[in-house]
Amino acid sequence: MKAIFGDMNKKQVILLVVLLAFAVIAPQIFTSLFVRNLLILIVIWSILGMGWNVMGGYCGQVSNGHSMYYGLGAYSVGLTLQYFKLSPWIAIPFGMCLAACFAWVIGKPILRLKGHAFAICTMALAECMRYICVNLKFTNGAKGVSMFNKSLNSVLYLQFKDSRIYYYLFLVIMLIVLALIKVLSKRKFFYYLRTIRGNEDAAASVGIDVSKYKIRAYMLSAALVSLGGSLYAQYMLYFDPASMMTLNVSMMIVLVAVMGGIGTVLGPILGAVIIECLSEYTRSFLGKFGGLDMVLYGVLVIIIVLFLPGGLLTLPSKIRDWRSRKNTGVAK
Amino acid sequence: MSKILELNAITKKFGGLVANENVSFDVEEGEIVGVVGPNGAGKTTLFNSISGAFLPTSGTITFNGKDITNLPAHECAKIGIGRTFQIPQSLNEMTVWENVIVGALCHTSNMNEAMHKVNEVLELCGMEKFRDMLAGKLNVAQKKRLEIARAMATDPKLLLLDETMAGLTATERKEAVDLIHKINSMGVAILTIEHNMDVVMSVSNRVVVLVSGRLLMVGSPQEVVSNPEVISAYLGGGSKDESDE
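The structure presented is a predicted model; accordingly, all values stated were derived computationally and were not measured. (Residues numbered from 1 in each chain as written. Chains lettered and ligands numbered in written order. Predicted model: local features only at pLDDT ≥ 70, side-chain atom pairs only at ≥ 80, totals over all residues. Heavy atoms only, no water.)

1. Digging into the packing of helix H3 (residues 96-104) of chain B against helix H4 (residues 111-124) of chain B
Residues and elements named next belong to chain B. Our working rule: Helix axes are fitted to C-alpha atoms over the stretch in contact, other axes to C-alpha atoms as well, and angles between N-to-C directions run from 0 to 180 degrees. Going along the chain from the N terminus, every DSSP run of H or I of four or more residues is numbered as a helix, and every run of E of two or more is numbered as a strand. Take the far helix as the reference: if the near one is turned anticlockwise from it by less than a right angle, the crossing is left-handed, and if turned clockwise, right-handed. In what follows, a contact means two residues having at least one pair of non-hydrogen atoms within 4.5 Å. Here the term charged refers only to Asp, Glu, Lys and Arg, the term nonpolar to Ala, Val, Leu, Ile, Met, Phe, Trp, Tyr, Cys and Pro, and the term polar to all other amino acids, Gly among them.
Relative orientation of the contacting elements H3 and H4 amounts to 115°, with a least axis distance of 9 Å. Judged by the sense of rotation from one axis to the other, the crossing of H3 with H4 is right-handed. Residues Val96, Trp97, Val100, Ile101 and Ala104 of H3 pack against Met111, Ala114, Met115, Lys117, Val118, Val121 and Leu122 of H4. Its residues placed into classes, the contact of H3 with H4 shows 11 nonpolar, no polar and 1 charged.

Here is the structure:
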């Protein structure tokens, strides 16, 4: 507990408790299917954002291909159910391990690339994975995987009629991930990742094995995104490569973290709340204007990148800065 | 006294460019050795070879009796070679405290132990008052000091200082010289690249002179400044008059 709350002041703890309480009662207040669906998506995207943030935020290696791990997570629960009737309780951790192994194997060569080259390479790999999944018989090709089962309301198979159960279960999982990230953020591992982001030469000069830590970050990042993919599949009970493994999904994962606050603990959650609300509401209100939702979306992203490069989490300190500058201006 | 660092015929080529050619000298335990030479003499290249950032083309480097010629940079840091960079490579988005703790985590995973070390080092370098400041907001002198602090946090036996005095005012320079003496008195051997001859004279036990990648001479500071070859290398030929000044 101390590791989680140790460095927060009273105000922050209270704010966190209030937000948590709101998250718990939210599905009781909002009874519409639309909002409940939105809440679940926010939780899933928070996990994806936090996962990406380990690699892209803390370690500074921007990956534009995390949709492949998202898809991998979904396929690992979908296909093990289809072929072996395996419970997602086993399939989800299995998928996470698989994603980490996969990240290790491809990370070895591609982590030698830096900056844009790495970003483009991950993008290309994710596209390759999508084509493979579309064309293999084993993965049901473009038809995708349906996990829908008549015996609904099964704890063993994580299928529930009431979407609130999904919500609470996913919320708990998200809080575990959040606690993990929060604890790690004060540990050697994350300090090393931030050093690598800051300067690789300086990192090596204080004894940090840069490639080893990059690989570890990539593995953890992949595993968390795979977890998010598994949960999404478990909730939707149907998925296909065209909806899960596109460049669009990869970029959304990046945006969630970047918009909220790159390299921060809570940033991805804030990003997920804003991006999911924005995309779901613009889609429902402006969807009939065909693409107008994406325009609004794009404009907002540009505004945030221009004025708040540190993400929305830095908004309060920006306002404080601006105010103090204004005050000193008056004093002169 | 035993030798902590021995360079044996180090040559480093970048394609056709020979940056270091056949450089051999050694550093004894607890000694301060100055490295001087005109711009482009290959001083920083030599540092990069010692600290593992580059692999030398030929020759061997021995540290504490162990061959470290092919050791990568992070391994060199682990066995006790600390270094600073000519252009400070501070982690600008991290605080001073965080910059130092990544050094202190070199030999331990225990945060409390590392924090203890950070306090020690910050006090040694006189940087406690900046501990929560972002490294990016420090001035050049403070950044250079932070470089030393970060390197010191890794508990080095040998510290490589790459122009830690360049761009400093006279007062700042004096503080830096004091710090070097303080670090040296803790038993850390120091190899320092320096342009300012006053500083070299006042801190070094011995001075190594490099010219166009070759070793010109090794000797006491007095021997070096009175050597006509050194003076001509620095001032460019026939410089009897200047040497009298």
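2. Points about the interface of chain B and chain A
What counts here: In this description, buried area is defined as the sum, over both parts, of the accessible area (probe of 1.4 Å) that is lost when the two are combined. By convention in these notes, a salt bridge is any Lys or Arg side-chain nitrogen within 4 Å of a carboxyl oxygen on Asp or Glu. What qualifies as a polar contact is a pair of N or O atoms within 3.5 Å, subject to a donor-acceptor requirement within protein and to the restriction that residues adjacent in sequence count only when both atoms come from side chains.
Contacts between the two partners involve 22 residues from chain B and, on the opposite side, 18 residues from chain A. Where chain B abuts chain A, roughly 1,700 Å² becomes buried across the two surfaces, and 60% of that area is made up of carbon and sulfur atoms. Across the salt bridge formed by A:Arg197 and B:Glu93, the nearest N and O atoms sit 3.4 Å from each other. Taken together, chain B and chain A are joined by 9 residue pairs in polar contact (both at pLDDT 80 or more). Contributing elements (two or more residues each) for the side of chain B that touches chain A: helix H2 (73-79) and H3 of chain B. When grouped by side-chain class, the residues that make up the side of chain B that touches chain A number 11 nonpolar, 6 polar and 5 charged.

3. A few points about the environment of A:Val301
Residues and elements named next belong to chain A. Counted only if it meets this: Remark: exposure states derive from per-residue accessible area (1.4 Å probe, protein chains only) relative to the maximum for the residue type, with buried under 20%, exposed over 50%, and partly exposed in between.
Inspection of the secondary structure puts Val301 in helix H14 (residues 292-307). With relative accessibility at 18%, the residue Val301 sits in the buried group. The spatial distance from the C-alpha of Val301 to the C-alpha of Lys137 is 39 Å, given a sequence separation of 164 residues. Apart from residues no more than four positions distant in its own chain, Val301 is found in contact with Leu255 and Met259.

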